[in-house]
Amino acid sequence: MAGLAAPALAAAPPSSLAAIPNRFMTWNTNGQGLGTPESLVEQVRRFRPQVVALQESCLDEVSEAVRQLRQIGLEYSYRSGLSALNPGCASRLGTAILYAKGTVVRAHNRKGYSEDEGWLEARGIQSFSTKIDGQWVRVFNTHLSAPGYEDLRRLQARELSVATRPYRRALVLGDFNTRPWITSVMTPIWRAGFSDVDPYCRSTRDARCNRTLPETRDAKFDYILHRGINSRQCLLYTPTRDHRIVISDVTLAEGPRPVCSVT
């Protein structure tokens, strides 16, 4: 799948069921409150990403979504990250990745942060290696601690930046529960050489940075960060009142980062 040109980032034609190479998507589905297998199927079918990073998802919801996707001809597999018992889920709540048939997933790993809130969610890093444009890239999926736990998020961001150090080309996807200009948390990420797919979301506050919690004034919590990689185009899609989906077509080719569109 690597190396093919990706079409314009928009909803895919209903008649076409092939995943789009090098398209990455991140979504906090709020599985214990809003998420359903059907909603996950709907968004994967709409955008057909090659890789989906999920946070705050019920694992039974994810496995059932994969089953339903296969029924309609979309061949995806999934691997779970860290998870915790949560009364809102029939199984467990946590992170997971979906990946389309033909996607290389090598050296999959799950690692918890050294500290978290210790209650209904397990905070940690899910990572694996895959190929983009024929080159190896390390991909990280994470969910940092909830608002009100800035000390924990600060620690976790440092540990995340350290985990990415061995990899010249890396993607980090997930819900950081913090805005990009909160220096106490995000400084290690920016110093590690990462950029967000939204060019206005950076260490300096910019009103043009698109929020990912639609019912807030400026809450940008959800990220696709890249180092040694470039974003060809990106989209923020609003399926619920909670987290927006962030989608980006990525490439190793150099070029300007386009402004993200919001729907």
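Because the structure is a prediction, the values reported are computed rather than measured. (Residues numbered from 1 in each chain as written. Predicted model: local features only at pLDDT ≥ 70, side-chain atom pairs only at ≥ 80, totals over all residues. Heavy atoms only, no water.)

Visitor: Could you give an account of the sheet that holds strand β2 (residues 49-58), with specific residues and numbers?
Guide: What the seven strands build is an open sheet, ordered β3-β4-β2-β1-β12-β11-β13; its pairing is mixed. The sheet is open, and its two borders are formed by β3 (76-85) and β13 (261-262), each paired with just one other strand. Inspection of the sheet shows β2 paired to strand β4 (residues 92-100) by six bridges, in the antiparallel sense. Note on β4: the bridge partner recorded for Leu54 is Ala96. (Pairing = 2+ DSSP bridges. Helix = DSSP H or I, 4+ residues; strand = E, 2+ residues; numbered from the N terminus.)

Visitor: Explain the packing of aromatic side chains residue by residue, including any values.
Guide: All chains considered together, the criterion is met by three aromatic pairs. Ring centres 6.0 Å apart and planes at 65° place the aromatic pair Phe140 and Tyr167 in the edge-to-face group. Taken together, the residues span a long stretch of sequence, with Phe140 in strand β7 (residues 135-143) and Tyr167 in the loop between α3 (150-164) and β8 (170-175) at a distance of 27 residues. What makes Phe140 buried here is its relative accessible area of 2%. Residue Tyr167 is classed as partly exposed on the basis of its relative accessible area of 29%. Sitting over the face of the ring of Tyr223, Lys220 holds its NZ or CZ atom 4.6 Å from the ring centroid. (Phe/Tyr/Trp six-rings, centres within 6.5 Å; stacked < 30°, edge-to-face > 60°. Buried < 20%, exposed > 50% of the residue type's maximum accessible area, 1.4 Å probe, protein only. Lys NZ or Arg CZ within 6 Å of the ring centre and 35° of its normal.)

Visitor: I'd like to hear about the layout of surface pockets, residue by residue, with values.
Guide: When its volume is computed, the largest pocket comes out at roughly 160 Å³. Every residue along the wall of the largest pocket is listed here: Trp181, Arg205, Asp206, Ala207, Arg208, Cys209, Asn210, Arg211, Arg217, Asp218, Arg244 and Val262. Residues belonging to the lining of the largest pocket are distributed by class as follows: four nonpolar, one polar and seven charged. (1 Å grid on protein atoms, 1.4 Å probe; cavity = no way out; pocket = protein on both sides within 12 Å on 5 of 7 lines; lining within 4 Å. Points joined across faces, edges and corners; volume = space filled by probe spheres on them. Nonpolar A, V, L, I, M, F, W, Y, C, P; charged D, E, K, R; others polar.)

Visitor: Provide a residue-level description of the state of the cysteines, including the pertinent values.
Guide: Counted according to the given criterion, the structure contains three disulfides. Between the sulfur atoms of Cys58 and its disulfide mate Cys89 the distance is 2.0 Å. When the S-S torsion is -75°, as for the bridge of Cys58 with Cys89, the disulfide is left-handed. Residue Cys58 is found in strand β2, and its partner Cys89 is found in the loop between β3 and β4; the two are separated by 31 residues along the sequence. Cys58 sits in the buried class, given a relative accessible area of 4%. You can call Cys89 buried: its relative accessible area is 10%. Residue Cys201 pairs covalently with Cys209 via a disulfide, S to S 2.0 Å. Sign of the S-S torsion, about 100° for the bond between Cys201 and Cys209, identifies this disulfide as right-handed. This pair shows no difference in class: Cys201 is buried, exactly as Cys209 is. (Disulfide = S-S within 2.5 Å.)

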